[in-house]
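Below, each chain spelled out in residue letters.
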Amino acid sequence: MFQFRFVQSCLRRLLHGGTVTRDPVLQQLRMCVAEEQVFDVVGKNTAKLTVDHVGRAVGMLWQFQKEKPQMLRTVELINSHPQFLTLRVLAENKITHMDNLMLVDILYSFLRLNVEPHDSLVQQLVSEAWLPMTSLSKFAICLSDQHLQHSTLMGHITSIIDQMLPSIHDVRILSTLMISVSSLVSVRLRDALIDRAGHLLDTIDVSNYNSPRRLVQFLRNIKHSHRPLLEKCNKILLYHIPRMDAENICIIMGLYQSLQFNNCDFMLAARQRLTELVDSSTDPFSFTKLFVGLGPMASQETKERLENTALLLADELNAQQALAIAETLEEIQSRNLSLLNKIASVIKRNLHVYKPVEVARITQALFLLQYQNPELFAKLRNTLVTFLRSSIFPYEVSMLTRVLSLLPSPRLDETLISRMEAVAPQCTLSDLNSFSFVIAKWVRNDSSFAHNTPSKYVHLLQVLNRCGCERLHMADRLDLLLEELKYISGEWFEEMLVSEVMATLQRMMDQINWTNVVELAYFLTKINQHCPPLLDQIASVAIKDIEKIHPSATYAMLLPFSVLNYDPAQADELYDVCIQHIIPHISKLIREHFPFALLILILLTFWESLMPTLPDALNMRTRLRLMELNRAVCLECPEFQVPWFHERYCQYFTKKGSGSPAQQQIHKLLSDVLGGYNCVRVEGTTPYSYTIDFECILDAHMQPLPFSEPATLQISNRGKVHWATNSMERIKEDLPPGAQRVAIDFLDSKCFCKNSHHIKGETLMRKRHLEILGYRVVQIPHFEWNSMELSTQDAWKEYLKRKLFKEVSP
């Protein structure tokens, strides 16, 4: 049928393929420089218009709009113009006379001018299309505009791409096709498309940033952070960033964030370019993009300028712009009450136009800002409840219930609980986990729960448990499972599902490969589970396929071995191949010509400049990791003479407290064992800012010595390390002959893997560092201290005496 129609179309188009040497109407159209002039020509020559005239007129209307900034476009006025209706009727009547290229061009232009996808003209244009590769990308865009990404036609286009991929030499066409078919590609075709795109980026000169941006969007659509292609695209995007507007910069930043691709050079360049655009972004559209992109990484002075401008423009914002501003205000934790009131007013005025997920986002942003407006929150709550009662999408029900749980109402009615129960069998593990948070909060807020057991909440939790276990039992693809587990956490997961998850992961061990090994390693680190079979398999895959794994992913792949304190059977080989994999990517010039101390200084200085561009959570993690790196190098590599840069940072975050009940109990018993409180120092601070729970000094005869102030150890002058050959002896110079400092640490559950008494790597490193500083370290695991064997005062004291006086290293 399709082939017969294709033959008919070709014959018709051949019969009507003649050219006109003199065409007054076409000449008049060519002279037009504005939409009204085009409509004037159409109105005066309606009876004379041929298919070529119609195609030229529609194309010119879109071209005039395309050349205007977004805020100056008048698509709605064009769409409502009487002569535009004339063009639509003529186009529909002349479809049989259009060749393939004209057919697609007209379809593309009409869709860009907001003709509805269900319009009869659009439907006929789609049904007539049968295209060569050169027009396939534009037709694919038209199908996507009509939400036909999963249609048979798009499936056919995907098949054509698969067959003709080696013949595609234009990265613009390829990137457009990749986005259009992203929901239909197999893993094999995905990899082939990525390889082809990478090859084209390497062999041609990309003159603009649209193609690499679309390639990044394709990776986002398929949730595949392919680092080599990302870096090639980023290199081109970075070159073009001085000419980008705020909208395109924000789009790229959003794509990078979705892919967890943090490129320092791009963020610094983006901040500089956005700062340059502050004075010129004075209309609501461009300013909103600028505010969203620059706000989270701007200086305090620039943030205040942005907030003042937002206040002036607030009344002109539309619904979507107000939502974007509200979320950014939450991200920067703004306290500008005047601006918050203005944005809340715009949101309240436009509440009826928001979609369910958008209302949830608004509610969450205003709640996290601690915004006080009971009337608005009441309207938001009623809107959320209304959406929830009718929603059939699991992810939507999950988000709505989670946000509703933030609001003051103690619990939801039976109808809404029934809605959760109804969608639970279709939910992902992440959605089920979200439901568990909501139920836990309802239970805490519902005073009737204690007197109504088993209750509706218990029943709902049982439903979640059953659905979660069933989903794990049915899981058969490791990649999909890891995607569901990526953001899951909390008590319900740890208590109800973690053992099932670990069993499922071990059942799928044969699916572990170089494409998912990093994601699996990160997950094991996050949930703190010590599982030798999985860790051994990760090591085996890494050794076999290290060349396929991006060097930047090596850190995440090795992290569980460090954090969980596990050496696989092939430990030496694993670390060797990882080191050899990374070394070529370290500049030879830097390695050969810069001293190690200067490299650390350069690294720290660079990160200091980058800090403002990072989200707060990432900023804090990065500062902590830099401090730990600085401390580890100072202590373990004194020969490099690296300065200690983080004293002020550590002092700022050092917190003194009364400690846990167990620590308070240990303090009292230690004072009894050692002969008084003056023989025990609580929360002492060492050089390089380790805080130890308890400290004491034992002389050569193992007798405790009282502390005399000042008794804290000090770092040598200028913040640098000047260790003697034997650092232990250097520290002991401050003590009587034969005496020793003893650090006593209470190890709570965070110091051990969740599923065992296996001690974590960070705790062992801390012990090693304290020993370098001259301490003998005594560790008191929580499971020993709280065991049945130590249930009396005498038993606890004997335990402490054994730890302090008998467990002495030779």
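Here the structure is shown first, and the text comes after it.
Residues numbered from 1 in each chain as written. Predicted model: local features only at pLDDT ≥ 70, side-chain atom pairs only at ≥ 80, totals over all residues. Heavy atoms only, no water.

**With respect to the overall build of the protein**
Just so we agree on the cut-off: Strands are runs of DSSP state E lasting at least 2 residues, helices are runs of H or I lasting at least 4, and numbering of each runs from the N terminus. Only protein chains enter the accessibility calculation, which uses a 1.4 Å probe. A residue is then buried if its area is under 20% of the maximum for its type, exposed if over 50%, and partly exposed in between. Throughout, a residue-residue contact means that at least one pair of heavy atoms, one from each residue, lies within 4.5 Å. Only the protein chains shown count as cover for residues, with accessible areas throughout obtained via the Shrake-Rupley method and a probe of 1.4 Å.
Looking only at helices and strands, the protein features 41 helices and five strands. Split into buried and exposed, the 810 residues of the protein put 48% on the buried side. When contacts within the protein are restricted to residue pairs at least 6 apart in sequence, those whose partners lie at least 24 apart make up 71%. Accessible surface, the protein: about 41,100 Å² in total, of which carbon and sulfur atoms supply 54%.

**Quick look at the nonpolar core**
For soluble globular proteins, the rule of thumb is that nonpolar side chains tend to be buried together. Filter applied, for reference: Each nonpolar core is a collection of buried residues, namely Ala, Val, Leu, Ile, Met, Phe, Trp, Tyr and Cys, held together in the definition by side-chain atoms within 4.5 Å. These domain limits were set by an automatic method or by a database of domain assignments.
Core analysis: the largest hydrophobic core is formed by 187 residues, its most contacted members being I157 and L505. If you count residues domain by domain, this core takes at least three from each of domain 1 (24-211) and domain 2 (512-592). Beyond its immediate stretch of four places on either side in the chain, I157 contacts L136, F139, A140, L143, L177 and V181. Counting residues in each nonpolar core, the second largest holds 22 residues, with I666, L669, L674 and L800 among its members.

**Quick notes on the packing of aromatic side chains**
Quick note on the threshold: Pairing of aromatic rings covers Phe, Tyr and Trp, the last through its six-membered ring, and needs centres within 6.5 Å; plane angles under 30 degrees mean stacked, over 60 mean edge-to-face, and all others mean tilted.
For the structure on display, the rule yields nine aromatic pairs. Judged by centre distance (5.2 Å) and plane angle (80°), the ring pair of W644 and Y688 falls under edge-to-face. With W644 in the loop between α35 (616-636) and α36 (647-653) and Y688 in the loop between β1 (681-685) and β2 (691-698), this residue pair connects regions lying 44 residues apart in the sequence. Relative accessible area serves as the criterion here: at 1%, Y688 is assigned to the buried category.

**Some remarks on the pairing of β2**
For clarity, the threshold we go by: What makes two strands pair is DSSP finding at least two bridges between them.
Within β2, seven of the eight residues are buried, which leaves it mostly tucked inside the rest of the structure. Note: β1 against β2, four bridges, orientation antiparallel. What sits directly across from V682, in β2, is F694. A loop of five residues connects β1 with β2, the two strands running antiparallel in sequence, and Y688 in this loop sits at a positive phi of about 65°. The pairing of β2 with strand β4 (residues 740-747) spans five bridges and is classified as antiparallel. Bridge pairing in β4 links L698 to Q740. Where β2 lies against strand β3 (residues 704-705), two bridges are found, and the strand directions are antiparallel. Each residue of the ladder has a partner; that of I697, found in β3, is L705. With antiparallel pairing between neighbouring strands as the criterion, β2 and β3 make up a hairpin whose turn holds five residues, including M702 at a positive phi of roughly 65°.

**Considerations on the pattern of salt bridges**
Where we set the bar: Within this document, salt bridges are pairs made up of a side-chain nitrogen of Lys or Arg and a carboxyl oxygen of Asp or Glu, the two lying within 4 Å of each other.
Considering all chains together, one arrives at 26 salt bridges under this definition. Here K44 ties to D40 by a salt bridge, and the two come within 3.2 Å at their closest N and O atoms. Within this pair, K44 and its partner D40 are both found in helix α3 (residues 35-44), separated by four residues, close to a single helical turn. Its relative accessible area of 63% is what places K44 among the exposed residues. Notably, a salt bridge pairs R361 with E327, separated by 2.8 Å at the nearest N-O pair.

**Comments concerning the packing of helix α24 (residues 414-423) against helix α26 (residues 456-474)**
The criterion, for reference: Axis geometry follows a simple rule: fit a line to the C-alpha atoms, using only the stretch in contact for helices, then measure angles between N-to-C directions, giving values from 0 to 180 degrees. The cut-offs work like this: below 35 degrees is roughly parallel, past 145 is roughly antiparallel, 65 to 115 is roughly perpendicular, and the gaps in between are oblique. With the far helix as reference, a near helix turned anticlockwise by less than a right angle produces a left-handed crossing, and one turned clockwise produces a right-handed crossing. Just so you know the grouping, Ala, Val, Leu, Ile, Met, Phe, Trp, Tyr, Cys and Pro go in nonpolar, Asp, Glu, Lys and Arg go in charged, and all remaining residues, Gly too, go in polar.
Two elements in contact, α24 and α26, have axes whose closest approach is 10 Å; the angle formed by their N-to-C orientations is 15°. By the criterion of interaxial angle, the relationship of α24 to α26 is roughly parallel. The hand of the α24/α26 crossing is left-handed. Between α24 and α26, the residues in contact are E414, I417, M420 and E421 and K456, Y457, H459, L460 and V463, respectively. A class-by-class count of the residues in the contact of α24 with α26 yields five nonpolar, one polar and three charged.

**A look at a nonpolar patch on the surface**
The condition is simple: Patches here are clusters of residues that have more than 30% relative accessible area and form no salt bridge, with a 9 Å joining cutoff for like charges and a 5 Å cutoff for nonpolar side chains (Val, Leu, Ile, Met, Phe, Trp, Tyr).
Together, I392, F393 and Y395 make up an exposed nonpolar region whose accessible area comes to about 340 Å². Counting through the fold element by element, F393 comes out in the loop between α22 (374-390) and α23 (394-404). When its relative accessible area of 44% is taken as the criterion, F393 is described as partly exposed.

**Topic: helix α27 (residues 478-485)**
Heads up, the condition is: By construction, the arc corresponds to the directions joining the helix axis to the C-beta atoms.
Every buried residue of α27 is accounted for by L478, L481, L482, E484 and L485. Take α27 and look down its axis: the buried residues cluster within an arc of 160°, on one side only.

**Some details on the packing of helix α11 (residues 171-180) against helix α12 (residues 187-203)**
Put simply, α11 and α12 touch, their axes get as near as 10 Å, and they point 155° apart. The orientation of α11 with respect to α12, classified from their angle, is roughly antiparallel. Along this stretch, α11 crosses α12, giving a crossing that reads as left-handed. Contact residues: V171, L174 and M178 in α11; L193, I194, R196, A197, L200 and L201 in α12. Residue composition of the contact of α11 with α12, grouped by class: eight nonpolar, no polar and one charged.

**Remarks on the environment of I759**
Here I759 lies in the loop between β4 and α39 (761-772). In the structure, I759 is positioned 194 residues away from N565 in sequence and 7.0 Å away in space, judged by C-alpha atoms. Setting aside anything within four residues of it in sequence, one finds I759 in contact with L564, N565, L747, C751, F752, L764 and Q779.

**Let's talk about the environment of L669**
With respect to the secondary-structure elements, L669 resides in helix α37 (residues 661-674). Overall, the relative accessible area of 2% leaves L669 in the buried class. The sequence separation of L669 and W796 amounts to 127 residues, and the corresponding C-alpha distance is 7.7 Å. Ignoring any residue separated from it by four or fewer positions in sequence, one finds L669 in contact with W785, Q793, W796, K797 and L800.

**Some points on the pairing of strand β5 (residues 775-781)**
How we decide: With strands facing away from the observer, any crossover in which the path from the first strand over the helix to the second runs clockwise is taken as right-handed.
When you tally the buried positions in β5, you get seven out of seven residues, the bulk of the element. Side chains Y775, V777, Q779 and P781 project from β5 onto one buried face, and the interleaved R776, V778 and I780 project onto a second face that is buried too. Handedness of the crossover joining β4 and β5 through α39: right-handed.

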